There are 2 protein chains.
Amino acid sequence: MGKQRLVVIGGDAAGMSAASKVRRDSPESEILVFERSPHTSYSACGLPYYVGGLVDSAEELISRTPEAFRDKYRIDARVRHEVVEIDTRAARVRVRHLENDQEWWESYDQLLIATGAVPFCPEMPGSRAAGIFGLSTLQSGIRLRKAVDEDKPKRAVVVGGGYIGLEMAEAMVIRGIEVSLVTRGDEVMETLDPDMGALVSEALEDVGVTLYRGESLEGFETSDGRVSAVLTNQRALPADIVILGMGVRPNSSLAKRAGIPLGLRDAIRVNDRMKTRVEGVWAAGDCVESLHLISRRPFYVALGTVANKQGVVAGTNLAGGYATFPGVLGTAVTKVCKYEVARTGLHEKDLRELGFEFTSTVIQSRTRAGYYPGSGRIAVKLLAEKKSGRLLGGQIVGEEGAAKRIDVLATALHAGFTVQDMINLDLCYAPPYSPVWDPVQTAARKAVKAG
Amino acid sequence: MGKQRLVVIGGDAAGMSAASKVRRDSPESEILVFERSPHTSYSACGLPYYVGGLVDSAEELISRTPEAFRDKYRIDARVRHEVVEIDTRAARVRVRHLENDQEWWESYDQLLIATGAVPFCPEMPGSRAAGIFGLSTLQSGIRLRKAVDEDKPKRAVVVGGGYIGLEMAEAMVIRGIEVSLVTRGDEVMETLDPDMGALVSEALEDVGVTLYRGESLEGFETSDGRVSAVLTNQRALPADIVILGMGVRPNSSLAKRAGIPLGLRDAIRVNDRMKTRVEGVWAAGDCVESLHLISRRPFYVALGTVANKQGVVAGTNLAGGYATFPGVLGTAVTKVCKYEVARTGLHEKDLRELGFEFTSTVIQSRTRAGYYPGSGRIAVKLLAEKKSGRLLGGQIVGEEGAAKRIDVLATALHAGFTVQDMINLDLCYAPPYSPVWDPVQTAARKAVKAG
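Residues numbered from 1 in each chain as written. Chains lettered and ligands numbered in written order. Predicted model: local features only at pLDDT ≥ 70, side-chain atom pairs only at ≥ 80, totals over all residues. Heavy atoms only, no water.

Participant: Even after reading the chapter, I still don't get helix H1 (residues 13-25) of chain B, so can you show me in this structure?
Facilitator: Within an α-helix, residues lying three or four positions from one another point in the same direction, as the helix has 3.6 residues per turn. Residues and elements named next belong to chain B. End to end, H1 covers 18 Å across 13 residues, agreeing with the expected 18 Å (1.5 Å per residue, within 8%). Taken together, the buried positions of H1 are Ala14, Gly15, Met16, Ser17, Ala18, Ala19, Ser20, Lys21, Val22 and Arg23. Residues of H1 that are buried in the fold lie against strand S1 (5-9), strand S2 (30-35), helix H3 (66-73), strand S3 (76-79), strand S7 (110-113) and helix H8 (304-318). (Helix = DSSP H or I, 4+ residues; strand = E, 2+ residues; numbered from the N terminus. Expected span 1.5 Å × (residues − 1). Buried < 20%, exposed > 50% of the residue type's maximum accessible area, 1.4 Å probe, protein only. Contact = heavy atoms within 4.5 Å.)

Structure follows, in structure tokens:
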């Protein structure tokens, strides 16, 4: 592939993974990246730890600056530049420099849309008051950390019981702030089944978070333009600071306006090579729709690890090579102080909706041999198809060393293993790492009996 | 299956797993277990941690006593009883009560041989002196702990650079004893390739162990019947206590005398259902030969986790059910203070001997996101078949959180995955657990390029 011009919209995980891959595989390509924030290639997943003070400076979250991309990779990454329009017929994008509001057109041979996701922020009374924060870009994290450092809030209310909600609750606990968490669900973590979610709810309470379950956000009370309370359908919760973790949606409005077909939840529809349905236009990361490998249906996930993989696949193809992204399992993990939570595949609600008949098995075990110091609790849940015994999903809640075991379940899901197959997997064993039957195999043994 | 009489020889992992499974599946069976030591169902793998003082009492290593088997499971487990002869024609075994030397015959309908392994103890000058210890039964661990507690040795010499050698070196370090370790190999851990073994050698030196590599044991100096030094082909190493970790061999002499066919390294040959070639005689655990799933050749491994699995398979079949044990990958893990070591599949030496053409890839990464507190080093090595890219083996050396990742590689080996397949595995990611590309996937990406 000769000299061609690649334009990338979005300078984080997917965009810069793709750009870097194109640079390696196609030394002659011209690569231009437009990023509306002031930063490239930062770890959005690291923001809760920066806010919580486990990470000292925001710079630590940046893996490569625009200068590094320019000097080491000959990638022209322009921050504070927003693409405001895509003209797919003329193969060009209109760019606005956010510092001087100048606009101009840039042409492309190939375009990659990697605009990520945006947090869901409901418009409701008081929602624009000071002291209310979302968490998305590095900038948003810097603002939140500054508020915590300088305003020294005493009472935080976290709205949302998903990953961001849990991680921000942890961050506030670490900062010594009194934390309340509001969630609509009967338990936190609605990507787990309620029985496993209940274990996470318990873990949150154990670390000192006050939980308000089954309550929905209705607005905010303010005082002098600052938030003073969160209003739910049940109560007013006094708050010096509010953090919204109500999920994200694909940032696809630009693509939509350009007539690029969207799919589930308005995520951009791509083929296995990360190409959209429009010639010359590709997309990757938190703005695209994925295939769920177990349901075999469209799925939306916003996760750095998926975005990086998709970016590499897009970059390989953009450089004239060949690569496909097979799909996802919805694998995810989080930590709340000493508790670990992980899940993969489908959960009961999914399975019922899809018409699967399945067995559901939960076991309690230990993270290490029972006699070994630091041995902690672990609960493993397996969902398997009736009759065939095929693994369909898994969930883990436990103490140190519990969560990473989800990767064995994810790998088994990729392989199409049955719970019977899993019993005799030759997993490693020594007392510091596991009981003699690893908890995932103890669960598989019970699942076989249930099948 | 009606009332029948099962005799089990050996009351630890394989024997008692099988006995327990038979009890569950066949309530009417009579189950008689003969165990020559005073204990049933103890964790031999836990002995180094008992000797090192991380585990307070030997009782903690016992998962079930003979009394528990008798009262809760109606299993007649007789300790201090040794089977001294098997008469397969008459379907009976001769039993000796070790406390009064009485002998008698017991008949069986089915016999399970679960005699385990015995440590290799070379006969050489001084080898019977006091202060020289092997580690095999719970009794041997109790003797060693007592010696360390009471004699307060200052200088320990560990002979052997395998799992037991490393774990005992760690135990002695924890006890504040000056430790030397003698190994024949150029590096410790000959089940790893030398480049990865070198990392383990470094780790041992880092925790204060003095290593003598490429030296072989030639004998012992003694003084008043006590060991005073270990003699190698290069030097005399002063020692107050000596621990031998020179590997084990299958304890198959009883089976051999009974004419039961043996295989590799004199391990008892069994079919996939754990049946020997003699009618009514089964075998499981450290005394049997296994199939290596990658080399597809006989393999010998002595590990509690394999013994338990084989015990359950044997028990299922003995109770009239159907189960097979597919084979092993040689997965193993150990810990030396803050360093973790794991391996699975074939290593370079195996691959060369088997005529495989392969690529070999090593990467350095981190156990957590680089910016996350406690992020440690991890080295991952992958061996993959040339052209096909099929994964053939993996090795990991690193700090906290490194080793359990070997289970992803083991599961991938069971699945027959290529390194290309591994790149897009949907493994979990959050900064406390992994960089955005898990180290095993970083290794897979490099391996694909090497392929």
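That shown, we press on.
Participant: Quick question: what am I supposed to make of helix H1 (residues 13-25) of chain A here?
Facilitator: Here H1 of chain A lies mainly inside the structure; 10 of its 13 residues are buried. Buried-residue contacts for H1 of chain A involve strand S1 (5-9), strand S2 (30-35), helix H3 (66-73), strand S3 (76-79), strand S7 (110-113) and helix H8 (304-318) of chain A.

Participant: Please clarify how the relation of the copies chain A and chain B should be interpreted in this entry.
Facilitator: The two chain copies are related to each other by a rotation about an axis together with a translation along it. Between the two copies, chain A and chain B, the superposition gives an RMSD of 0.0 Å; the rotation angle is 180 degrees and the shift along the axis is 0.0 Å. Look at the turn and shift together and you get a two-fold axis relating the two. In this assembly the copies share their binding face: 98% of the residues contributing to the interface of chain A also contribute to that of chain B. (Least-squares fit on C-alpha atoms with pLDDT ≥ 70 in both.)

Participant: Explanation requested: the packing of aromatic side chains in the structure shown.
Facilitator: The description of an aromatic ring pair uses the distance of the two centres, along with the angle that the planes make with each other. Per the stated rule, a full pass over the model turns up 4 aromatic pairs over all chains. Taking 5.0 Å as the distance between ring centres and 80 degrees as the angle between the ring planes, the aromatic pair formed by Tyr49 of chain A and Tyr372 of chain B counts as edge-to-face. Here Tyr372 of chain B lies in the loop between strand S23 (358-366) and strand S24 (377-385) and Tyr49 of chain A lies in helix H2 (residues 47-51), a pairing that spans two chains. Take Tyr49 of chain A and Tyr372 of chain B: they sit in the same class, and that class is buried. When the ring centre of Trp437 of chain A is taken as origin, the NZ or CZ atom of Lys309 of chain B, which lies over that ring, is 5.6 Å away. (Phe/Tyr/Trp six-rings, centres within 6.5 Å; stacked < 30°, edge-to-face > 60°. Lys NZ or Arg CZ within 6 Å of the ring centre and 35° of its normal.)

Participant: In this structure, what is going on with the domain arrangement of chain A? I would like to understand it.
Facilitator: Quoted interface sizes are often the accessible area lost when the parts come together. Residue and element names in this part refer to chain A. Per the domain assignment, the segments making up chain A are domain 1 (5-43 + 62-117 + 250-318), domain 2 (121-246) and domain 3 (341-450). Domain 1 and domain 2 are separated by 31 Å when their C-alpha centres are compared. Each partner contributes to the interface: domain 1 provides 5 residues, whereas domain 2 provides 5 residues. Between domain 1 and domain 2, the buried area comes to about 400 Å², and carbon and sulfur atoms account for 71% of it. Put simply, domain 1 and domain 2 have 0 salt bridges between them. Taken together, domain 1 and domain 2 are joined by 0 residue pairs in polar contact (both at pLDDT 80 or more). (Domains from an automatic or database assignment. Buried area = accessible area lost by both parts, 1.4 Å probe. Salt bridge = Lys/Arg side-chain N within 4 Å of Asp/Glu carboxyl O. Polar contact = N/O pair within 3.5 Å; in protein donor to acceptor, adjacent residues only side chain to side chain.)

Participant: I tried to follow the environment of Phe34 of chain A on my own but got confused; where do I start?
Facilitator: All names here are of chain A. In this structure, Phe34 sits in strand S2. Classification of Phe34 by relative accessible area gives buried; the value is 2%. Each C-alpha atom of the pair Phe34 and His97 lies 9.5 Å from the other, and the pair is 63 residues apart in sequence. Beyond its immediate chain neighbours, meaning those up to four positions away, Phe34 contacts Val7, Val8, Ile9, Gly10, Gly11, Arg78, His81, Val83, Val93, Val95 and Glu106.

Participant: I keep staring at unusual backbone geometry and nothing clicks. Help me out?
Facilitator: Backbone phi values are negative for most residues with the exception of glycine, while trans is the configuration of most peptide bonds. Residues and elements named next belong to chain A. Its identity is not glycine, yet Asp101 carries a phi of approximately 60 degrees, on the positive side. Inspection of the secondary structure assignment puts Asp101 in the loop between strand S5 (92-97) and strand S6 (103-107). With a relative accessible area of 55%, Asp101 lands in the exposed category. Of note, Asp266 is a non-glycine position whose phi angle comes to about 65 degrees, a positive value. Note that Asp266 resides in the loop between helix H7 (253-257) and strand S18 (281-283). When its relative accessible area of 36% is taken as the criterion, Asp266 is described as partly exposed.

Participant: It is not clear to me how the sheet that holds S7 of chain A should be interpreted in this structure. Could you clarify?
Facilitator: Residues and elements named next belong to chain A. The sheet built from 5 strands is open, its strands ordered S3-S2-S1-S7-S18 with parallel pairing. Edge positions in the sheet fall to S3 and S18, since each has one partner strand and no second. For this sheet the average axis-to-axis angle between neighbouring strands, irrespective of direction, equals 20 degrees. Two elements, S7 and S18, share 3 bridges in a ladder whose sense is parallel. (Pairing = 2+ DSSP bridges. Axes fitted to C-alpha atoms, helices over the stretch in contact; angles between N-to-C directions.)

Participant: How do you make sense of the pairing of strand S16 (residues 241-244) of chain A when you look at a structure like this?
Facilitator: Every regular strand shows the same layout, with side chains that alternate between the two sheet faces. All names here are of chain A. The side-chain alternation of S16 yields two buried faces, one formed by Ile241 and Ile243 and the other by Val242 and Leu244. Of the strand pairs in this sheet, strand S10 (residues 155-159) and S16 are connected by 4 bridges, and their pairing is parallel. From the neighbouring strand, Val158 faces S16, where its bridge partner is Ile243.

Participant: What am I meant to see in the sheet that holds strand S13 (residues 217-223) of chain A here?
Facilitator: Strands belonging to one sheet form pairs held by backbone hydrogen bonds; the direction of such a pair is parallel or antiparallel. All names here are of chain A. Reading across from one edge, S13-S14-S15 is the order of the 3 strands in this open sheet, with antiparallel pairing throughout. Strands with a single pairing partner mark the edges of an open sheet, and in this sheet they are S13 and strand S15 (236-238). Neighbour to neighbour, the strand axes of the sheet diverge by 30 degrees on average, direction disregarded. The sheet contact formed by strand S14 (residues 226-232) and S15 spans 3 bridges and is antiparallel. Across the sheet, residue Leu231 finds its bridge partner in S15, namely Ala236.

Participant: What is the right way to look at the pattern of salt bridges in this model?
Facilitator: Residues and elements named next belong to chain B. All chains considered together, the criterion is met by 74 salt bridges over all chains. Arg235 is paired through a salt bridge with Glu215; the nearest N and O atoms lie 2.6 Å apart. Pair noted here: Arg235 is in the loop between strand S14 (226-232) and strand S15 (236-238) and Glu215 is in the loop between strand S12 (210-213) and strand S13 (217-223), with a separation of 20 residues, a long-range link. Given a relative accessible area of 35%, Arg235 falls into the partly exposed group. Here Glu215 falls in the buried class, since its relative accessible area comes to 4%. As a salt-bridge pair, Arg377 and Glu399 come within 3.5 Å of each other at their nearest N and O atoms. With a gap of 22 residues between them, Arg377 in strand S24 and Glu399 in the loop between strand S25 (391-398) and helix H10 (406-415) connect regions that are remote in the sequence. For Glu399, a relative accessible area of 13% gives the class buried.

Participant: Help me out: how do you make sense of the packing of H1 of chain B against H8 of chain B in this one?
Facilitator: Residue and element names in this part refer to chain B. Taken N-terminus to C-terminus, the directions of H1 and H8 make an angle of 35 degrees; their axes are 7 Å apart at the nearest point. The handedness of the crossing between H1 and H8 comes out as right-handed. Listed contacts from H8 to Ala13, Ala14, Ser17, Ala18, Lys21, Val22 and Asp25 of H1 are Gly304, Ala307, Asn308, Gly311, Val312, Ala314, Gly315, Thr316 and Leu318. Counted by class, the contact of H1 with H8 contains 8 nonpolar, 6 polar and 2 charged residues. (Left-handed = near helix turned anticlockwise from the far one by under 90°. Nonpolar A, V, L, I, M, F, W, Y, C, P; charged D, E, K, R; others polar.)

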